[in-house]
Amino acid sequence: MSAKPRYIILLGPPASGKGTQAARLREILGLPHVASGDLFRENLKNETPLGRRAKEYMDRGELVPDDVTIAMVMERLSQPDCAGGALLDGFPRTIAQAQALDRALAERGQQVGAVPYIAVPDDVLVERVSGRRLCRLCGASYHVRFNPPQQPGRCDHDGGKLYQRDDDLPETVRTRLQVYWEQTSPLIDYYRQQGVLVTVNGDQSIDAVTTDLREALGRP
Ligand code: ADP
Ligand code: AMP
Ligand code: ZN
């Protein structure tokens with residue numbers, strides 16, 4: 001990889017596999033994984049004021065307001081490990097967030113390098129959400145059928161207990177998908193116009209998606 005900083009955004013609907021792929025790409029690309037949902041869940045776990053504020057939106061499947069979200073992610077991106085680039089997952093989710101990110105990167109003489117869009121049909125997403133399980137300790141994402149852990153209910157990496165997200169309930173998922181199509185999908189055109197969008201078929205095996213993402217990012 002060139003020495004140029006690289007900011008890569010994994011774009012895609014809820015449960016399209018952004019977190020799963022980011023965990024793999026992080027190793028391949030040597031970039032930190034910055035997931036806004038993970039940052040909110042970390043705040044929830046630690047019962048911070050930000051976590052308490054975010055919870056009401058997350059429980060309803062709505063987006064946390066832009067000002068709060070942008071401040072949280074920018075603070076993370078200003079940490080030294082993100083100086084050479086980052087793998088963004090779940091952020092930006094609105095045009096205002098994308099513009100704020102563009103501005104912040106421009107101030108550092110940087111820009112968004114690539115935006116892989118992981119395309120998955122809605123009916124597949126609903127099935128993925130219903131079987132998703134996360135590790136309490138490291139946040140790793142599993143699926144009871146499609147990506148089961150070696151030992152039921154336990155994380156392969158650290159033995160952490162697996163749990164189901166409160167917002168992975170069928171009613172909330174419907175809202176999240178609606179929110180995605182209304183507020184986040186305009187980013188597909190936003191980044192297409194910037195010439196950085198590359199569409200990847202997310203409706204295939206986890207390994208096949210990783211292969212396509214590597215190719216899309218010039219790291220076959
Ligand atoms: P996101 O971060 O986009 O919300 P996740 O990476 O958590 O999505 O994936 C959602 C669920 O789908 C998880 O249970 C994960 O194990 C599963 N999953 C991810 N990619 C695939 C795939 N290509 N095929 C089948 N299941 C997948
Ligand atoms: P995720 O883990 O990406 O599925 O995010 C879980 C929840 O956190 C979302 O449903 C939102 O309520 C909130 N969230 C995560 N990222 C953002 C964002 N970029 N903008 C607003 N809300 C977000
Ligand atoms: Zn774990």
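Residues numbered from 1 in each chain as written. Chains lettered and ligands numbered in written order. Predicted model: local features only at pLDDT ≥ 70, side-chain atom pairs only at ≥ 80, totals over all residues. Heavy atoms only, no water.

1. Considering the overall build of the protein
1) Next: Each helix and strand counted, the protein has nine helices and eight strands in total.
2) Next: Relative to a compact globule of 220 residues, whose C-alpha radius of gyration would be 17 Å, the protein shows 16 Å and is just as compact.
3) Next: Residues classed as buried in the protein amount to 48% of the 220 residues present.
4) Next: Restricting to contacts in the protein with at least 6 residues of sequence separation, those with at least 24 account for 71%.
5) Next: Working note: accessible area of the protein is about 10,900 Å², and carbon and sulfur atoms make up 49% of it.
6) Next: With 28 positive and 29 negative side-chain charges, the protein shows a spacing of 3 Å between the two charge centroids. (Helix = DSSP H or I, 4+ residues; strand = E, 2+ residues; numbered from the N terminus. Rg over C-alpha atoms; globule rule 2.2 N^0.38 Å. Buried < 20%, exposed > 50% of the residue type's maximum accessible area, 1.4 Å probe, protein only. Contact = heavy atoms within 4.5 Å. Areas by Shrake-Rupley, 256 points an atom, 1.4 Å probe, with all protein chains shown as cover. Lys, Arg positive; Asp, Glu negative; His and termini not counted. Charge placed at Lys NZ, Arg CZ, Asp CG, Glu CD.)

2. What about the coordination of the zinc ion (ligand 3)?
1) Next: Every protein donor of the zinc ion (ligand 3) is listed here as Cys 135 (SG), Cys 138 (SG), Cys 155 (SG), Asp 158 (OD) and Asp 158 (OD), and their distances to the metal cover 2.3 to 2.5 Å.
2) Next: Classification of Cys 155 by relative accessible area gives buried; the value is 4%. (Donors = N, O, S within 2.8 Å, 3.2 Å for Na, K, Ca; no water.)

3. Here we look at the site of ligand 2
1) Next: Around ligand 2 sit 16 residues in total, of which Ser 36, Arg 41, Glu 62, Gly 90 and Gln 97 are the nearest.
2) Next: Here a nitrogen atom of ligand 2 sits 2.9 Å away from a polar atom, N or O, in the main chain of Gly 90.
3) Next: Coverage of ligand 2 by the protein chains reaches 96% of its 480 Å² of free accessible surface.
4) Next: Per-element accounting of the shell around ligand 2 gives the leading share, four residues, to helix 2 (residues 36-45). (Near = heavy atom within 4 Å. Polar contact = N/O pair within 3.5 Å; in protein donor to acceptor, adjacent residues only side chain to side chain.)

4. Topic: the packing of helix 5 (residues 95-107) against helix 8 (residues 186-193)
Pairs of packed helices are described in terms of their axes, by the angle between the two and the distance that separates them.
1) Next: Contact pair helix 5 / helix 8: the axes reach a minimum separation of 10 Å and the direction vectors enclose 35 degrees. Of helix 8, the residues touching helix 5 (which contributes Ile 95, Ala 98, Gln 99, Leu 101 and Asp 102) are Pro 186, Leu 187, Tyr 190 and Tyr 191.
2) Next: Its residues placed into classes, the contact of helix 5 with helix 8 shows seven nonpolar, one polar and one charged. (Axes fitted to C-alpha atoms, helices over the stretch in contact; angles between N-to-C directions. Nonpolar A, V, L, I, M, F, W, Y, C, P; charged D, E, K, R; others polar.)

5. A few points about the side chain of His 143
1) Next: Turning to its location among the elements, His 143 is positioned in strand 6 (residues 141-143).
2) Next: Polar side-chain contacts of His 143 include one of 3.3 Å to the backbone oxygen of Arg 128.
3) Next: Those residues in contact with His 143 that sit more than four places away from it in its chain are Glu 127, Arg 128, Gly 131, Arg 132 and Pro 148.

6. Details of the sheet that holds strand 5 (residues 132-135)
What links the strands of a sheet is backbone hydrogen bonding, and the strands pair in either a parallel or an antiparallel sense.
1) Next: Taken in spatial order, the three strands of this open sheet run 6-5-7, and their pairing is antiparallel. Looking along the sheet, the strands with just one partner apiece sit at the ends: strand 6 and strand 7 (162-163).
2) Next: In this sheet, strand 6 lies alongside strand 5 in antiparallel orientation, the contact comprising three bridges. Residue pairing across strands places Arg 132 opposite His 143, the latter belonging to strand 6. (Pairing = 2+ DSSP bridges.)

7. Points about the packing of aromatic side chains
1) Next: Applying the stated criterion to the full structure yields two aromatic pairs.
2) Next: For the ring pair Tyr 190 and Tyr 191, a centre distance of 5.0 Å and an interplane angle of 90 degrees mean the geometry is edge-to-face.
3) Next: Taking relative accessible area as the criterion, Tyr 191 reaches 0% and is therefore assigned buried.
4) Next: One residue, Arg 60, lies across the ring of Tyr 57, its end atom 5.4 Å from the ring centre. (Phe/Tyr/Trp six-rings, centres within 6.5 Å; stacked < 30°, edge-to-face > 60°. Lys NZ or Arg CZ within 6 Å of the ring centre and 35° of its normal.)

8. Examining the site of ligand 1
1) Next: In the vicinity of ligand 1, 18 residues are found, and the nearest of them are Thr 20, Arg 132, Ser 141, Tyr 142 and Gln 204.
2) Next: At 2.7 Å from an oxygen atom of ligand 1 is found a main-chain nitrogen or oxygen belonging to Tyr 142.
3) Next: For ligand 1, whose unbound accessible area comes to 560 Å², protein coverage reaches 93%.
4) Next: When residues of the shell around ligand 1 are traced back to their parent elements, those giving at least two are helix 1 (18-29) and strand 6.
5) Next: The class makeup of the residues in the shell around ligand 1 is five nonpolar, 10 polar and three charged.

9. Structural notes on the nonpolar core
1) Next: Core analysis: the biggest nonpolar cluster contains 34 residues, and Leu 77, Leu 88, Leu 101, Val 115 and Tyr 191 have the highest contact counts within it.
2) Next: Breaking this core down by element, the ones donating at least two residues are strand 1 (6-10), helix 2, helix 3 (49-60), helix 4 (66-77), strand 3 (85-89), helix 5, strand 4 (112-119) and helix 8.
3) Next: The element that contributes the greatest number of residues to this core is helix 4, accounting for six residues.
4) Next: In this view, Leu 101 contacts Ile 9, Met 74, Leu 77, Leu 88, Phe 91, Pro 92, Val 112 and Tyr 191; residues no more than four positions away in its chain are not counted.
5) Next: Of all hydrophobic cores here, the second largest spans 20 residues; its members include Leu 10, Leu 29, Ala 114 and Ile 118. (Core = buried A, V, L, I, M, F, W, Y, C linked by side-chain atoms within 4.5 Å.)

Remember that the coordinates give geometry; whether it matters functionally is a separate question.
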